[in-house]
Amino acid sequence: MKLNELSDNPGATKKRKRVGRGPGSGTGKMGGRGIKGQKSRSGVAINGYEGGQMPLYQRLPKRGFNKPNRKSYAVVNLGLIQKFVDAGKLDAKAAITEDALIASGLVRRKRDGIRVLAKGEVSTKLNIEVTGASKSAVEAVVKAGGSLTVAAPVAETSEA
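S.K.: How would you summarise the confidence of the model for the protein if you had to cite specific residues and measurements?
M.R.: The predicted coordinates ought not to be read in detail in places where the model reports low pLDDT. With 94% of its residues at a pLDDT of 70 or more, the protein shows a mean pLDDT of 87. In the model of the protein, strand β5 (residues 147-150) stands out as the element of lowest mean pLDDT, 85, in contrast to helix α1 (residues 56-59), which has the highest, 93.

S.K.: I'd love a proper account of the pattern of salt bridges, names of residues and values included.
M.R.: Throughout the structure, instances matching the rule amount to three salt bridges. Note that glutamate 50 and arginine 59 form a salt bridge whose closest N and O atoms lie 3.3 Å from each other. The class of arginine 59 is partly exposed, set by a relative accessible area of 43%. With a closest N to O distance of 3.4 Å, lysine 110 and aspartate 99 form a salt bridge. Taken together, the residues span a long stretch of sequence, with lysine 110 in the loop between α3 (98-104) and β2 (114-117) and aspartate 99 in helix α3 at a distance of eleven residues. Note on lysine 110: relative accessible area 32%, which makes it partly exposed. Each of Glu98, Asp99 and Lys110 takes part in salt bridges that share partners, so that together they form one network.

S.K.: Can you break down unusual backbone geometry residue by residue, with the values?
M.R.: With phi around 50°, lysine 29 is a residue other than glycine that occupies positive phi space. Position of lysine 29 relative to the elements: it lies in the segment before α1. Given the relative accessible area of 81%, lysine 29 is considered exposed. Even without glycine at this site, arginine 111 takes up a positive phi of about 55°. Positionally, arginine 111 belongs in the loop between α3 and β2. Arginine 111 sits in the exposed class, given a relative accessible area of 51%.

S.K.: Could you give an account of the sheet that holds strand β1 (residues 74-77), with specific residues and numbers?
M.R.: The three strands lie next to each other as β1-β2-β4, forming an open sheet whose pairing is parallel. Two strands lie at the open edges of the sheet, namely β1 and β4 (132-133), each paired on one side alone. Bridge analysis of β2 against β4 gives two bridges, and the strand direction is parallel. Bridge assignment links arginine 115 to a residue of β4, and that residue is glycine 132. Those strands touched by helix α2 (residues 78-86) are β1 and β2, and its axis lies near 70° from that of β1.

S.K.: I'd like a description of the packing of aromatic side chains, backed by residues and values.
M.R.: Enumeration over the complete set of coordinates arrives at zero aromatic pairs. Taking the ring centre of phenylalanine 84 as reference, the NZ or CZ of lysine 89 above it sits at 4.9 Å.

Quick notes on the rules
- Residues numbered from 1 in each chain as written.
- Predicted model: local features only at pLDDT ≥ 70, side-chain atom pairs only at ≥ 80, totals over all residues.
- Heavy atoms only, no water.
- pLDDT = per-residue confidence, 0-100.
- Helix = DSSP H or I, 4+ residues; strand = E, 2+ residues; numbered from the N terminus.
- Salt bridge = Lys/Arg side-chain N within 4 Å of Asp/Glu carboxyl O.
- Buried < 20%, exposed > 50% of the residue type's maximum accessible area, 1.4 Å probe, protein only.
- Pairing = 2+ DSSP bridges.
- Contact = heavy atoms within 4.5 Å.
- Axes fitted to C-alpha atoms, helices over the stretch in contact; angles between N-to-C directions.
- Phe/Tyr/Trp six-rings, centres within 6.5 Å; stacked < 30°, edge-to-face > 60°.
- Lys NZ or Arg CZ within 6 Å of the ring centre and 35° of its normal.

Here it is in structure tokens:
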């Protein structure tokens, strides 16, 4: 086989449609756009327009609500904490605080606090102090002989 004998599989490539190249081409004159009107002209985008009828996206009811002051927690799994302890990036003997988690590189930023979830196994006795934790995470740490204390997040109180 030589370079000049190489070819694509049949049906792999398709010829480009050359529009407006004379009457013999089949797509000459108006180039398949029909006669006059907005859509026959260039530079027109009418997404969601239904010819003056109320569009579908406006006929359907609105749903849901996004709480403007909702809390956003950084999430850490127990398995990852254990992995960092095994690697020596976290000290299991000292209390594992939110600042320690950030310093080790396990969490990038604190946000409204750090929440611990129970994915993964814990074998070391750990003393963790975070803003939030799932019940199963607390149970898993206690079962391993450690403690997981959940500190209340620092709330911005406004006296009225």
